[in-house]
Amino acid sequence: MALLPILRFPDPRLRTRAAPIPEIDNGIRRLAGDMAETMYEAPGIGLAATQVDVHKRLIVIDISETHDELLTLINPEILECSAEAQVGEEGCLSVPGIYDKVERAERVSVRYLDLDGKVCLVQAEGLLAVCLQHEIDHLDGKVFVEHLSQLKQLRIKAKLAKQAKITA
Ligand code: ZN
């Protein structure tokens, strides 16, 4: 297991659309393990492969406080979104220190493969539904701040540039 470096917004690599995983081999299992370790260490509740510069459709999520409900989703696909929406405050390991409100579907059904290649279906609501939509966005090259106004995005970029200068 290893900790992986996380790309930071507005790194252009975060805009890459991830490719489906044709076969679940040891490389994918290792990547999933490393991503889970990286997410727990950060700490965060979700991480997409895109964020660690691997452009394959794989995400890990654990919204539990006890860190024992790890979900590994390969080739996740949103089958259904509720018309009903929710607005929650989101953050992202690729956008450190920035939190803002984003509107998402209240409920989603997501089909995916688990690490054994079994087809699974998760019907989620609330925080898990937000997390799934946020992470699947990453696989499509989208970061949550891109749901915000242009003005907010400019402010966030300026703030992150300033942070980078201080830590460099
Ligand atoms: Zn994120």
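Look above for the structure.
Given the structure is predicted, the values throughout are model-derived calculations rather than measurements.

Trainee: Please set out the coordination of the zinc ion residue by residue, giving values where relevant.
Mentor: Coordination of the zinc ion by the protein comes from Cys92 (SG), His134 (NE2) and His138 (NE2), over a distance range of 2.1 to 2.3 Å. Of note, the donors binding the zinc ion are all from one chain and are spaced C-x41-H-x3-H. Note that Cys92 is positioned in the loop between strand 4 (85-90) and strand 5 (100-105) and His138 in helix 2 (residues 126-139), a separation of 46 residues in sequence. When its relative accessible area of 11% is taken as the criterion, Cys92 is described as buried.

Trainee: Which residues make up the nonpolar core, and what are the values?
Mentor: In this structure, Leu73, Val122 and Leu132 are the most contacted members of the largest nonpolar core, which totals 18 residues. Of all elements in the fold, only strand 2 (58-61), strand 6 (107-113), strand 7 (119-125) and helix 2 reach the threshold of two or more residues within this core. Sorting elements by how many residues they give to this core places helix 2 first, with six residues. Apart from the residues within four sequence positions on either side, Leu132 is in contact with Ile61, Leu73, Val108, Val110, Val122 and Ala124.

Trainee: Give a detailed account of unusual backbone geometry, specifying residues and quantitative values.
Mentor: In the segment running from Phe9 into Pro10, the intervening peptide bond is cis, with an omega of 0°. Of note, the amide linkage connecting Ala42 to Pro43 takes the cis form, showing an omega dihedral of -10°. Counting through the fold element by element, Pro43 comes out in the loop between helix 1 (26-41) and strand 1 (46-48). Even without glycine at this site, Asp53 takes up a positive phi of about 65°. As for its placement among the helices and strands, Asp53 is situated in the loop between strand 1 and strand 2. Of note in this structure, Asn75 is not a glycine but carries a positive phi near 50°. Considering the arrangement of structural elements, one finds Asn75 in strand 3 (residues 71-81).

Trainee: I'd love a proper account of the sheet that holds strand 6, names of residues and values included.
Mentor: The five strands lie next to each other as 1-2-3-6-7, forming an open sheet whose pairing is antiparallel. The open sheet has two free edges, formed respectively by strand 1 and strand 7, since each of these has just one partner strand. Across the sheet, the mean angle separating the axes of adjacent strands is 40° when strand polarity is ignored. Pairing geometry for strand 1 and strand 2, over three bridges, is antiparallel. Following the sheet pairing, Leu47 is matched in strand 2 by Val60. Helix-sheet contacts for helix 1 involve strand 1, strand 2 and strand 3, and the interaxial angle to strand 2 is about 40°. Across the sheet, helix 2 lies against strand 1, strand 2, strand 3, strand 6 and strand 7, angled at about 120° from strand 7, the strand it touches most.

Trainee: Run through the side chain of Ser82, naming residues and quoting values.
Mentor: Position of Ser82 relative to the elements: it lies in the loop between strand 3 and strand 4. At a separation of 3.2 Å, a polar atom in the side chain of Ser82 contacts the main-chain amide nitrogen of Glu106. Those residues within four positions of Ser82 in sequence are excluded, and the remaining contacts are Ala105, Glu106 and Arg107.

Trainee: A description of the pattern of salt bridges should follow, citing residues and the corresponding values.
Mentor: Counted according to the given criterion, the structure contains 10 salt bridges. Asp140 serves as the salt-bridge partner of Arg17, at 2.9 Å between the closest nitrogen and oxygen. Here Asp140 lies in the loop between helix 2 and helix 3 (150-167) and Arg17 lies in the segment before helix 1, a separation of 123 residues in the sequence. Taking the shortest distance from any N to any O, the salt bridge between Arg111 and Glu77 comes out at 3.4 Å.

Rules behind the numbers
Residues numbered from 1 in each chain as written. Predicted model: local features only at pLDDT ≥ 70, side-chain atom pairs only at ≥ 80, totals over all residues. Heavy atoms only, no water. Donors = N, O, S within 2.8 Å, 3.2 Å for Na, K, Ca; no water. Helix = DSSP H or I, 4+ residues; strand = E, 2+ residues; numbered from the N terminus. Buried < 20%, exposed > 50% of the residue type's maximum accessible area, 1.4 Å probe, protein only. Core = buried A, V, L, I, M, F, W, Y, C linked by side-chain atoms within 4.5 Å. Contact = heavy atoms within 4.5 Å. Pairing = 2+ DSSP bridges. Axes fitted to C-alpha atoms, helices over the stretch in contact; angles between N-to-C directions. Polar contact = N/O pair within 3.5 Å; in protein donor to acceptor, adjacent residues only side chain to side chain. Salt bridge = Lys/Arg side-chain N within 4 Å of Asp/Glu carboxyl O.

Interpretation in functional terms is not warranted from these geometric data alone.
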